[in-house]
Amino acid sequence: MADPFYLTTAIHYPNGRPHLGHAYETVAADVLARFQRARGRDVRFQTGTDEHGLKMAQKARDLGITPRALADEMSGHFRDLFDVLGISYDRFFRTSEDAHHLASQALWQAMEANGDLYLDRYEGWYSVRDEAYYDEAELTIGEGGEKLSPQGTPVEWTAEESWFFRLSRYQEPLLALLRDNPEWVRPDRSRNEVMRFVEGGLNDLSVSRTSFDWGVKVPGADEHVMYVWVDALTNYLTGIGYPDDKATFEKFWPADLHLIGKDIVRFHAVYWPAFLMSAGLPLPKAVFAHGFLLNRGQKESKSLGNVTDPLALAERFGVDVLRYFLLREFSFGQDGTWSPEAIISRANAELANSFGNLAQRVLSFIAKNCDGEVSAQGEPTEADRALQDKVGHACSIELPEAFERLAFAAGLEAWMQAVFACNAYVDEQAPWALRKTDPVRMQTVLHVLCDCIRRLAIAVAPVVPSAAEQLLDALTIPDDRRNFGSLADDTPLSFQIDKPVPVFPRLDLGA
RNA sequence: GGGCCUGUAGCUCAGCGGUUAGAGCUGGCCGCUCAUAACGGCUAGGUCGCGGGUUCGAAUCCUGCCAGGCCUACCA
């Protein structure tokens, strides 16, 4: 049976429409999911929306609709976006699902049974906007004499009964986890952040609210709803059947990777493992925090009015182009800067001119001059072997090795080098000259090139699935010969080529 | 305020103690004509944020400062 691979994105908070950052994280996860499937893993890939919490309740109130209606609408936008982007999720998760409430309560009860939950009283200056309590000393006075949080949001004196989680118990176990598994949280930036936070001492965590009811009810205390992060994190369990579907759950848990943004590292690398330890469940194998994308070097925000709709980018440039750009342009884990010009430049140089045109010049030559069929007829030369070695190494070794460590840009860089080598080979071998002088040799050259294109397309398919599929169709490669295992296949004896169509059209700025 | 991260050719990035600091894009020159005016070859271009220090030797280590980001903080 295939080796399971369970991968998650963070579930997205749908108090607004999805932005490019949501697309970035989810596309990256999708590439990894497709990559692992093509390597033969039994992949379970989950994304979704995190719909509870005060901010959703308030936003709904402002709009005069129910939180449920707001969640339905906004979650739909996320799902639509992901469908357009070709996200191959196995499960689109919503925390408002009934099963999730039951699962969160089950987790809660497991933590309670372990003696880690207790009722206490919480009071202080509470900012609804920040969803946080502040100390008196932190407050400032606004123009009208009202008290403001450090973020400048209004605060009100609030007292509520709250359940607390004994996070303080888990300081040592967490430190041991981080010490003994240096790769558990990546990159190092995030690991450092977590280490320092835990070393600084952990206070018990307030994990329930009574000031609103849009959330998961605390078992046996109906007036409380769970703190959003408790039920949000639980989605990783619920989505694979916790607690009732033991077969599915045990197959996929613990997760192989939680892919998240760098801003929510603490929740995933401190609170989450503590909850799981408390409930007696195994911990996920790894957490990876990606960087943020900056629009021409600036953070996108509503107040700056520079928020990009990822759907518009996908429509303007194409889904495959956008996916390729997102993974190729940035060092995953670090922040990156993008612009429409950068997308066009990258797409034209690498996808249209280098790879797309390579396929087009070879396939269309075959369609025109060989009646659409090529086969190996002569002995391979040194140049043939050198090219095939280069392409084979890039596709079977370099790209997979890089993708395994989430170094997508490095993997695609190695892949591009192989594409360059193919174009150089075409020029050196000049099949258009061989057509007149040595048709047998011409067949061999074209045959080598078809096989290289086949392997390049298979390797890059997780990133640009539609275009790769078109190319493999054009080469008449069977569906079950399109995975990484097939890279090592013996070259097909012959290739049948229909009249090809360019798979990556050139883009221009006016478009 | 503290911690961590980032700052390398016009642009996006790699290099993270050791020969003349690399790649791609952009620019210039040459070649080719199969191809999406695409491809190939050559070439131009850098005070490695700034100032100190360690070392035979630093973009690479230490320190101070500047700019941006993330996390965090009882600092009136």
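Rules used throughout
- Residues numbered from 1 in each chain as written.
- Chains lettered and ligands numbered in written order.
- Predicted model: local features only at pLDDT ≥ 70, side-chain atom pairs only at ≥ 80, totals over all residues.
- Heavy atoms only, no water.
- Helix = DSSP H or I, 4+ residues; strand = E, 2+ residues; numbered from the N terminus.
- Phe/Tyr/Trp six-rings, centres within 6.5 Å; stacked < 30°, edge-to-face > 60°.
- Buried < 20%, exposed > 50% of the residue type's maximum accessible area, 1.4 Å probe, protein only.
- Lys NZ or Arg CZ within 6 Å of the ring centre and 35° of its normal.
- Near = heavy atom within 4 Å.
- Polar contact = N/O pair within 3.5 Å; in protein donor to acceptor, adjacent residues only side chain to side chain.
- Contact = heavy atoms within 4.5 Å.
- UniProt positions renumbered as here; feature names shortened; annotations may be inferred.
- Pairing = 2+ DSSP bridges.
- Axes fitted to C-alpha atoms, helices over the stretch in contact; angles between N-to-C directions.
- Right-handed = clockwise from strand over helix to strand, strands pointing away.

Of note, the amide linkage connecting Tyr242 to Pro243 takes the cis form, showing an omega dihedral of 0°. One non-glycine residue, Leu406, adopts positive backbone phi at about 65°. Within the secondary structure, Leu406 is located in the loop between α13 (382-404) and α14 (408-429). Phi is positive for Ala430, close to 45°, though the residue is something other than glycine. Relative to the assigned elements, Ala430 resides in the loop between α14 and α15 (431-437).

Before going further, it helps to spend a moment on the packing of aromatic side chains. Tallying each qualifying case throughout the model produces 26 aromatic pairs. Here the aromatic rings of Phe267 and Tyr271 are separated by 5.4 Å at their centres, their planes lie at 75°, and the arrangement is edge-to-face. One end of the pair, Phe267, and the other, Tyr271, are both in helix α9 (residues 265-279), 4 residues apart, so they sit about a helical turn from each other. Taken individually, Phe267 and Tyr271 each receive the classification buried, so the pair is uniform in this respect. By way of ring pairs, the aromatic residues Tyr24, Phe35, Phe288, Phe325, Phe330, Phe332, Phe403, Phe408 and Phe484 are connected into one cluster. Between the NZ or CZ atom of Lys262 and the centre of the ring of Phe292, over which it lies, the distance is 5.2 Å. Its end group placed over the ring of Phe197, Arg266 keeps NZ or CZ at 4.6 Å from the ring centre.

Around RNA strand B sit 40 residues, and of these Arg266, Lys299, Asn357, Arg361 and Lys368 come closest. Considering RNA strand B, the proportion of its atoms within 4 Å of the protein that are sugar or phosphate atoms stands at 78%. Contacts to RNA strand B include Gln334, whose side-chain N or O atom sits 3.2 Å from a phosphate oxygen. One of the side-chain nitrogen or oxygen atoms of Glu413 is found 3.5 Å away from a sugar or linking oxygen of RNA strand B.

A word on the environment of Ser96. Along the chain, Ser96 falls in the loop between β3 (91-94) and α4 (98-113). Residue classification places Ser96 among the buried residues on the basis of a relative accessible area of 4%. For the pair formed by Ser96 and His22, sequence separation is 74 residues and the distance between their alpha carbons is 20 Å. Apart from the residues within four sequence positions on either side, Ser96 is in contact with Glu51, His52, Arg68, His101 and Trp214. Within the structure, the side chain of Ser96 is placed 2.7 Å from the side chain of Glu51, a separation counted as a polar contact.

This chain's UniProt record puts "domain: Methionyl-tRNA synthetase anticodon-binding" (unreviewed entry) on residues 377-480. In residues 377-480, helix accounts for 81% and strand for 0%; the two terminal C-alpha atoms are 26 Å from one another.

Looking now at the environment of Phe267. For Phe267, a relative accessible area of 14% translates into the label buried. Sequence separation between Phe267 and Val230 is 37 residues; the distance between their C-alpha atoms is 9.3 Å. Not counting the four nearest positions on each side in its chain, Phe267 is found in contact with Tyr227, Trp229, Leu233 and Trp272.

Attention now goes to the sheet that holds strand β2 (residues 42-49). If you walk across this open sheet you meet the 6 strands as β3-β2-β1-β14-β15-β9, and the pairing is parallel. With partners counted over all chains shown, the strands left at the sheet margins are β3 and β9 (185-186), one partner each. Here β9 runs beside strand β15 (residues 287-290); their pairing, made up of 2 bridges, is parallel. Within β15, the position partnered with Val185 by the bridge is Val287. With respect to the sheet, helix α1 (residues 20-38) is in contact with β1 (4-9), β2, β14 (257-261) and β15, its orientation differing from that of β2 by roughly 165°.

On to helix α17 (residues 465-474). Looking only at α17, the buried set comprises Pro465, Ala467, Ala468, Leu471, Leu472 and Ala474. One or two steps after α17, the chain reaches Thr476, where phi turns positive at roughly 50°.

On to the pairing of β15. Of the two faces of β15, the one lined by Val287 and Ala289 and the one lined by Phe288 and His290 are each fully buried. Across 4 bridges, the pairing between β14 and β15 is parallel. Counterpart to Ile260 in the pairing with β15 is Ala289. For the segment spanning β14, α9 and β15, crossover handedness is right-handed.

Further remarks concern the sheet that holds strand β11 (residues 208-209). Read from one edge to the other, the open sheet built from 3 strands follows the order β11-β13-β12, with strand pairing classed as antiparallel. Two strands in the sheet have a free side with no partner beyond their single neighbour: β11 and β12 (217-218). In the sheet, β11 pairs with strand β13 (residues 221-226) via 2 bridges, with the strands oriented antiparallel. If you follow Arg209 over to β13, its bridge partner there is Val225. Here α4 sits on the sheet in contact with β11, β12 and β13, set at roughly 95° to β13.

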